[in-house]
Structures are given as C-alpha cells and as structure tokens.
Amino acid sequence: MRRFLLARLVQAGVVAVVVGTLCFVLMRVLPGDAAMRIAAGRYGPDAMIAGAAEKVRQELGLDQPWPVQFLEWLANLVRFDLGHSLVTGAPVIEELKVQLGASLWLAAAALLLSLLIGPAIGIVSGLRPNGWADRLGLAGSVTLRALPPFMLGLILMLVFAIWLGWLPPAGFGSWRELALPSLTLALGLAAVSSRVTREAIATVAKAPYFAFARHKGLPEAAVVRRHGLRNAAIPVVSYLGLQAIYLVEGVVVVESILAYPGIGHALVHAIVERDIPMVQGTALAMGLIFVAVTAGVDAASAWLDPRLRRA
Amino acid sequence: MSIETAFPSADRPRRLSARTIGAALLLALAAFAILGPWLIEADPARQDLGASLAPIGGAYLLGADHYGRSLLARLAHGARLSFGMAFLTMMTAALPGIFFGLVAAWRGGWIERMFELLANIVLALPGLMLVLLLLAFAPGNFGPLYLGLALTLWVEFYRVTRATTATILKQPHIEAAKLLGFGPGYILRNHVVPVIAPLIATLAAFAMATAIIAISTLSAISVGLQPPTPELGSMIVELLPYYAEAPVHVLLPAVLIFLLVLALQLVAQRETR
Amino acid sequence: MNAPTRIHDLSIADLSVHSRAGPIVRDVSLSLQPGRPLTLLGESGSGKSLVAQAVMGTLPPELTASGAIRLDGADLIASTPDERRKRWGRAISLLPQEPWLALDPTMRIGPQVAEVHRFVRRQAAQRSETLAHENLRDVGLDHASALYPFQMSGGMCQRAAIAIAHAGGSGLLIVDEPTKGLDADLRDSVVARLIEEVDAGRLLLTITHDIGVARALGGTVGIMLEGRLVDHGPAEQVLMAPSHPYSQALLSADPRSWVRSAPVPSGDVMLAGRGLAKAFGDHTLFEDVDVEVRAGEIVSIVGPSGCGKTTLGNILLGLVEPDAGTVERRKDISLLRFQKLYQDPPAAFPPHQAIRKGLRDLVKLHRRRWDEVETLLARFQLQNALLDRLPGQISGGELQRFAILRALLLDPVFLFADEATSRLDPVSQKEVVDVLLEVARDTGLGVLLVTHDRALAEKISTRTVMLARRDT
C-alpha cells in the first residue's frame, strides 16, 4: 500500500518536471522578447514597462546560465508560485482556484454517473451472456467507443439542448449546466466499464471458488453477496485506473467543446493565446488531478483485493 | 435492429465475421482516402459562394459547404489526411516501440531500466496532455501534433512487446532451442515473432484509431490543424452553425470519422480466451 | 469436531451418463459403506469424474444420468435440483480439485469456514466463529484463521477445504483428484488425512489417476476405462491381481511393479560436479554436492520439490552458475552434445511451429540427413502424421519421445532429464523410460534423471543422489 502511494508521489513529481520543463523551453523559444514575457508572467502586466523589463532581466538572472534559470523555474513551480496570466494579468493560482472547482465537479459527476450506468448494464449483460440485453449492450458499447468525445458532446447538445430544449447548451452554475458535459464523459466511460463488468461477472460465475461456495451449501444469495460481488468488483475498479486517462482527456475536450469554464477549457484557451503561465498552471493542475484519481483507484483496489496489500 | 446483426457478440464464428466486416469497411475507407483525392478533380479549397450550402445530389454530388466548397472533395482529402497521418504516426510509434521492447526483453539490465523510466515519464501524464503541451509550441501545425502523438503511442508498443517477449524468453522451449544450437536470429523469427505479431497488429489498429480521434478532436477544439485545411474534425465545427439549414452536411464528416474509428476497432477485436 | 451426519450406504446401480452424441458412462454399479473407502481409478476422460458429479448432482446441463444412485434409500438421480442443492454441505461434501483455486481469494480462511455454520447450520455469528476455530484446529490450522488463501501452501489449502467439509457435518465426502498439483511428498499426508475421515465415520469416495493414492487408501477400488467400470473389488485383489487387460497394463506401468534394470556404465566420466553449492537469497538449496555421470549410466537425483535438484542439473549443464564448486566437462566434446529433457513436454517446443519444421531446421542447422529422423521415428514408434501437428495437438508421451529424438540428432553424450516423466500417465511414462534405457545402452549416453519418484529412481538408475529439503 505504501509502495503505491510512493509511486504516485513520484509520478506527481514527474508531472511537475515534464510540465515545467516544456513550459520553460516554450517561454524561451517563442519569438519576441523573453524577458518582457517573463516579467509579465512573474509580476503581472504592471511590470510591462520597457525600462522595468531591463531591471527584471537582471533581477531574474536572465543573464545567468540556463541550468540555473531552469532550476529556479522548477523551484517556483514546486512552491506553486505560478506567476500571472499574460492575458488577464491575474495571478494564475487565483484563476485556477475558480476553474478547479468547476472541473472537479465535472469529473466527479462523470465518474459517479458512469459507475451508475456502466456496471448496471454490465450486470444485466453478464447475467445472461449472449441474451438480447448483452447484444444491445455490446452494440451500444462498440458504437460509443467509435465516437470521439467531442462528437458525442455535440450530439448530446443537439439532442438535449437544441431539439428538446431540456438543458442549457453551455455554461456553469447549477446541475443543469453540469448535466451535458458529465453525461458525455459518463457515457464514454460506461461504454468500457459495462463490458469489463460483464466479463468480470462471467469470470466469477465460472470460477472454482464460486462453485465451491455453492457446494458448501450456502444459499444462493449468500454465495453472490459474499463471494460474487467483491471478486467481480476487483477488475472493474482496477480498470478505472486506465479510464482515468480517458476521464482527464475527456474533461479537456468536453469543457472546450461545450464551453464549460473549467481547467481544461482554460488550458486550451491558454495554448491558443500563448499564455504560458496559464498553460503551465492548468496543465499542472490537470496532471495532478490525474495522479489523484489514479491514487484513489489504487487505494480502492487495495481495499478490495487483499493480494495487493501484500507489500 | 440492424446494428445488432452487425456487431453480434461473444461466440466465435460471429466475432470473426465482425472482424471481416471491419476489414471490408477499412478497405473501402482506405480506397476512398487514397483514390478519392486522385479521382475527384474538384479542388477542396476552391470557393464558390454562389453554391453555399448546395444540396446533396445537385451540381455537387455531396453538396457544398458554407463557402461553396465541394464536400465530396473535402471529405476525400479529409479522409486522406486523417488516414495518412494516423498511419504515419502509428508507424513512427510502432517501429521504435517494438525495437526498444525487444532490446529491453533480450538484454535486461540497465537498458531495460532506462526504457522503463522513459515509458513511465511519458505515462505520467495522459497522452492528450502531452500533445497539447507540444502544440503550445506551434498551435495549428502538423509537426508538434505528429510528434506528440508518436511520443505517446510508442509506449504501448514498447510495453506489450517487452512484456510478451520477456515471458516467451523465460519459457523452456527457448532454453531448449539455445541448447540445440539455434541462434538469436532464428529464435526471434520462429519463436518470438509468431507470438507478438498478432498483438502488434491489434495495437497498430488501436493506435491508428487513437490518432484519428486525437487529430479530429484537437482540430475541433481549434488547437490542431486549422481551416482551410480539409480536416474532418474542424469541418464538423465549421459546419455546425448551419446544421438547421443543412443537417446532413454536418453529419457527413462525423459519419466518416465514426466509420474510420469503428472499422479500426472491429479489426482490432481479438478472440478473448 | 462435529460428529458427521451418519450415512450408512451409498449405492450406485446401472448408472449411465448420456450426452447428445451417446452414452459416455455406461452401467456403473458400485456401493460404499462406512469404514471402507471407495476409490475410482482411471485416466482423464475415463468417466470417473462424471460418476462423482452424478452423485453430487453437478453434471453439466447437457448431460443426463440414468440408473439409480441411492443415499440411504433416497434416489439422488430422481431428486429435483432444489433437493440436490439442500444436500450440499449437509449430507454430501465435495473436496475440490486444487483447493487453492476453490477458496475465495479475497476472504480470510476463518470466515470461509464460519460462514458454513452461519448460513448452512444457522448458528449465531459469534458461535459460528468459535465453531470454525474448532474445525480449523482439528486439521492443524488453528493459527491460520486470519490468513488469506494466497498466504497458505497447497497442503494448508487442502486442509482448510477439509475443515469446511467438517463444518457442514456431512456424512459423505467426495474427493476429486486430491493430489493434483501437490508435491508428491505431500501425498502421504493427504492420504493419512483422508483415512482419518473414514475412521470418523464418513463415507469416502475418491477420484484419482494416482495408483499410489488408491493403494494407500485401501478399501474398494474400481478401475474405469472409456466410461466403463472394467475392474472392481477389494484393493488388495484389484491392485495385486487385476483381471482386465487394461488394469494389468495400468498396474504394470507403475514403477513399483517394474523389474530393476539399471544400465551398466560403459565408459569414462562425461560430466562431473565437485563441491557444488547454491543458494537463492538466504535460502541454501544445497552445499558440497558431488555428482558424476559416466557414459551409458543413469544417475538419479531424488528429493522433494524445493530441494534444488533441478537447479543442480542446470548447473551441470552450465545453464546456472554455482555459488561454489566446479563442473568438469570433457574439453574435446562439443557443448551441443549436452542436452536436456523438460518436465512439461509441450513447453519444450515452440507452440506455433509444427514438429516437422522444427526438426527440418535442426537437421539443416547441423547438416544431418532427414533419413536419420525417419529411422528414429520408426524406432520410437512415432507416426509420420504427427510431424505436421503443433505441439499442443500431440500427447505428452509422444512429445517427450520427440524431444529425445531431437536431442539424439546431436549425438549427445549427456542428457539431463528434468522430471521428464512426472507429467505423463503411467503407460506413457513406461514407454518414455524404456526409450531412455535403450538409448543409454546402445549409444553410451549418460543420463542424469531428476525425479521425486523414488520407486522410479530405484528401478532404473545405476546410482542415486539424495537431496533433502533444507528449511532455513
């Protein structure tokens, strides 16, 4: 268990280094005066007076060798000293605080919704393999998996917001704005988790320990409750670890396409606008959300499966 | 339901037929992507504002978009772009991935640890994030998109090749082959390749599907390829405001993406146990 | 220990099991009384497991049983699925094959026993735990109730399964291949445990392919072949003087009934290890071992699993480095003439390659002639048709003969046979051993045989080296 947490901590560090390095390089290769840009990123647009830039150049040690500058850059990153947006001038950390809430709501709602949809369909499919429910579930899963999330989001928007007029097409505030983006992500996640659940149930039903539980004389309800559920849940939960990738990527895409004001939306905007401090801040936040979700899945897996607790 | 007959489930002969359907679909789409731009003489960039949103079946076989550009030509060029780029990315990811995997499994030691570290660094972030960060260098350009995708996709080829090869190399028949005097080349050709080849084929199809999804998605959120490039994802977004007047026009590029990804995923399907 | 529910008689009369294609078990009649265990002996596919499944009521739905199975008068075949299920755990218990797979991997052993008291015998939770602890203590697992199955050895899992059978208090115990997957040296303790069950008053029906188990259990033995009971009677009679030709062949293939025929060394020392030692981590496998193999002799290394006997063989072949000691090999002989046979024949051939391709490539590599292969095929009674099959489509005995053939193409002077017959049925084992003996005699091949089977080693080896398991 401790080993998992340590691995995730290392992963968080790698995320910071990768994001920080790319942004450091980015800051210096973009055409134009790096000192001006960095000065603005550090102290806000108030420092954007030509004379001040020269002062900043010395103060920041831009004349120093780049490894020194790089280490300093990373040190600031690790201290969450993320600087100011080049576009709005506001401190990046303040903008992130607002967006983080929106994105976390979205991710949590999507995950919860997918856990309500996916395993339910999987159980219905798995109880009668090759029955009509199973075939329908498979067809739905294959179809959904071939739809990129941005298309799925647009389709849902057309159907629920424009044709039916039930939900607002974009924005943030109440559950009504949350519904479309979270449903988009949840359907994509459920497309896979329903099949994983189905396979898990089929595997458990064929497992020798499941047969033995019956042969012991246990009533069917006790067999399923005591020996079926936990064992079937193990692969479903551990698969969530892989799905965390889909979730984080999906948050970026769906927020952008449905104009949901979260971190993913901000990241894409920052890239288009070359707002490097914002790119760095948002990418770091998304990366850390990814690490946190994976760590949560690790913990849940270890709680379910004693074999993983060995270490 | 027609879908139900098209994608039936688990039992063997039917799953094979789902694969066959996928292969046939893929072949048809590949033909459209390769031959289409060559056979269709219309220029995908030529505007004819008089023919804005021309209906299907008129002067333009599949209609024209809001600038009056031939949709058929744009779809064919879009398919070629998606397909070609996905193929190129897949190859760029697969060749080093497989090679590194074989080397790591065969040699072990510090070489393997180095590749593992590299793979773990790439995997620390979701692939799309890495592509986005690289795109920040030159939004709307082909280079960083291609590089970013290849950089994230090689890992899967590497990991599967390494793990499978390592398992094979531990088996007694490898030791037996060495004792019988067979060299590494023979063992690679006759003992390793037959086992990993089908896995690699599956991965290749999945990698292409991933690349196609990523390219269209990034273009749709306007950080990938930019208009007027006939890219399927950005075509959808460009045409979306006109969906009330010309709903099928919006649908066409979307269906093309869907079919491309579907075909690749059906081809990638393998009999599970 | 819960006193088992007394059952006085299980009688099977004219039991047949039919599939859609026809009968697969025909007219089996047997009876079982307290104090006299019944053992069904046969190879896989002989129908012995189907008999057990018919008694338990777990035949696959596509199979139907006819005839009568009476448990103290009640007809099991005529009963409804519900009635059958009510007997599970209460009247009939099944000791599963490979119990480490039959225990829930995510539940501690204590609760897995206690739930039988709780849900089958309707005891209160607290009382169930106490009773479960007693059941575990009876099988010597009083310390194990907080362990998960993956933390226990195969033998411990076997005993936990017995504790579960005790918890239900059933009077009939059906045991399916009790030694499958267990080390041979654990066999005796499993059998001793089963005899205790008989002494406690349970009826015991054992299904096995292991003649040793049948011999040790005693009581009544039935031998099955192709769905029929071909021999049946008291163990002493059936195992000593079998009446049916198949039983005779089966029993004469048991190493214990072989005539000793060890080859005589015909030449110099081919390979010698002196003062060999090996440890894995803190665990010392062996120290200061000397082995010598001369031309034409068979040297056996015998010992329980985990004692390092395979590692010793691999050290002699140069596949593993010893921690101490030296291996002396004749310098003038090519390394290719030191070969190995493997425990699991299918694993020793590439699974995707037809046998012919592998042999052709080998012949080409070493510039031999294909006639040599043809000659050896005839000599080992291997049909030409087998050449075009994949390793998975050939029986273990035939594959092992192919492995010997393959090695002989390199004119070996030394062959390390690593448990080369332990996965084979007795008849195939005999065939492979006969081939080995013949080759050793004719070509002066020195054989190092690693085995857990003392009887086998005794009958065919010129000399035997014993290794013991060392517990650190």
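Because the structure is a prediction, the values reported are computed rather than measured.

1. Quick word on the packing of aromatic side chains
Then, number 1: A full pass over the atoms with the stated rule returns 10 aromatic pairs over all chains.
Then, number 2: Ring geometry for B:F142 and B:Y146: centres 5.9 Å apart, planes at 5°, overall stacked. Residue B:F142 and its partner B:Y146 are located together in helix 6 (residues 142-169), separated by four residues, close to a single helical turn.
Then, number 3: Between C:F338 and C:F414, the ring centres sit 6.0 Å apart and the planes meet at 45°, which makes this aromatic pair tilted.

2. Observations regarding the interface of chain A and chain B
Then, number 1: Contacts between the two partners involve 51 residues from chain A, matched on the other side by 45 residues from chain B.
Then, number 2: Across the chain A/chain B interface, buried area totals approximately 4,000 Å², and carbon plus sulfur atoms make up 78% of it.
Then, number 3: Ranking the residues of chain A by area buried against chain B places A:R135, A:F150 and A:I271 at the top, with a combined share of 15%.
Then, number 4: Applying the counting rule to chain A against chain B returns zero salt bridges.
Then, number 5: Where chain A packs against chain B, one counts six residue pairs in polar contact (both at pLDDT 80 or more).
Then, number 6: Residue contributions to the side of chain A that touches chain B peak at 10 residues, all from helix 1 (residues 2-29) of chain A.
Then, number 7: Looking at the side of chain A that touches chain B residue by residue, the classes come out as 38 nonpolar, six polar and seven charged.

3. A few points about the side chain of B:T89
Then, number 1: Structurally, B:T89 is set in helix 3 (residues 71-107).
Then, number 2: Residues contacting B:T89, with those up to four places away along its chain left out, are B:Y146, B:L149, B:A150 and B:L153.

4. Considerations on the interface of chain C and chain B
Then, number 1: Between chain C and chain B, the contact holds 23 residues from the first and 13 residues from the second.
Then, number 2: Around 1,500 Å² of area is buried between chain C and chain B when both sides are counted, 65% of it from carbon and sulfur atoms.
Then, number 3: For the interface between chain C and chain B, the tally reads one salt bridge.
Then, number 4: C:K340 is the salt-bridge partner of B:E175, the closest N and O atoms lying 2.8 Å from each other.
Then, number 5: The interface formed by chain C and chain B includes nine residue pairs in polar contact (both at pLDDT 80 or more).
Then, number 6: Looking at the side of chain C that touches chain B, the elements with two or more residues in it are helix 11 (309-317), strand 15 (338-341) and helix 12 (355-365) of chain C.
Then, number 7: It is helix 12 of chain C that provides the largest number of residues to the side of chain C that touches chain B, a total of five residues.
Then, number 8: Partitioned by chemical class, the residues of the side of chain C that touches chain B number 13 nonpolar, six polar and four charged.

5. Some remarks on the sheet that holds strand 12 (residues 283-294) of chain C
All names here are of chain C.
Then, number 1: One open sheet accounts for three strands, arranged 12-11-14; its pairing is antiparallel. Each edge of the open sheet carries a strand with a single partner, namely strand 12 and strand 14 (324-329). Adjacent strand axes in the sheet meet at a mean angle of 10°, parallel and antiparallel pairs treated alike.
Then, number 2: Sheet topology note: the strand 11 (residues 269-280)/strand 12 ladder contains eight bridges and is antiparallel. Residue V269 lies in a different strand from strand 12, and its bridge partner there is R294.

6. Considerations on the nonpolar core
Then, number 1: B:F157, C:F402 and C:L405 are the most contacted members of the largest nonpolar core, which totals 225 residues.
Then, number 2: For this core, the element with the most residues is helix 8 (residues 184-220) of chain B, which contributes 18 residues.
Then, number 3: Dropping the residues within four chain positions of it, B:F157 is found in contact with B:M90, B:A93, B:A94, B:G97, B:I98, B:I200, B:L203, B:A204 and B:A207.
Then, number 4: Counting 49 residues, the second largest nonpolar core, distinct from the first, contains A:V192, C:V113, C:V116 and C:I164.

7. Focus: the domain arrangement of chain A
All names here are of chain A.
Then, number 1: As far as domains go, chain A holds domain 1 (2-78) and domain 2 (92-309).
Then, number 2: Around 1,400 Å² of area is buried between domain 1 and domain 2 when both sides are counted, 78% of it from carbon and sulfur atoms.
Then, number 3: Applying the counting criterion to the domain 1 and domain 2 interface returns one salt bridge.
Then, number 4: Between D298 and R8 there is a salt bridge, with the nearest N and O atoms lying 2.7 Å from each other.
Then, number 5: Linking domain 1 to domain 2 there are one residue pair in polar contact (both at pLDDT 80 or more).
Then, number 6: Sorting elements by how many residues they give to the side of domain 1 that touches domain 2 places helix 1 first, with 11 residues.

8. As for helix 9 (residues 232-239) of chain B
Then, number 1: Where burial is concerned, most of helix 9 of chain B is hidden: seven out of the eight residues are buried.
Then, number 2: Residues of helix 9 of chain B that are buried: B:L232, B:G233, B:S234, B:M235, B:I236, B:E238 and B:L239.
Then, number 3: Turning to helix 9 of chain B, the residues buried within the fold contact helix 7 (149-163) of chain A together with helix 3, helix 8 and helix 10 (247-268) of chain B.
Then, number 4: Measuring from the backbone nitrogen of B:G233 back to the side-chain oxygen at the start of helix 9 of chain B gives 2.5 Å, which picks out B:E231 as the cap.

Rules of the game
Residues numbered from 1 in each chain as written. Chains lettered and ligands numbered in written order. Predicted model: local features only at pLDDT ≥ 70, side-chain atom pairs only at ≥ 80, totals over all residues. Heavy atoms only, no water. Phe/Tyr/Trp six-rings, centres within 6.5 Å; stacked < 30°, edge-to-face > 60°. Helix = DSSP H or I, 4+ residues; strand = E, 2+ residues; numbered from the N terminus. Contact = heavy atoms within 4.5 Å. Buried area = accessible area lost by both parts, 1.4 Å probe. Salt bridge = Lys/Arg side-chain N within 4 Å of Asp/Glu carboxyl O. Polar contact = N/O pair within 3.5 Å; in protein donor to acceptor, adjacent residues only side chain to side chain. Nonpolar A, V, L, I, M, F, W, Y, C, P; charged D, E, K, R; others polar. Pairing = 2+ DSSP bridges. Axes fitted to C-alpha atoms, helices over the stretch in contact; angles between N-to-C directions. Core = buried A, V, L, I, M, F, W, Y, C linked by side-chain atoms within 4.5 Å. Buried < 20%, exposed > 50% of the residue type's maximum accessible area, 1.4 Å probe, protein only. Domains from an automatic or database assignment.

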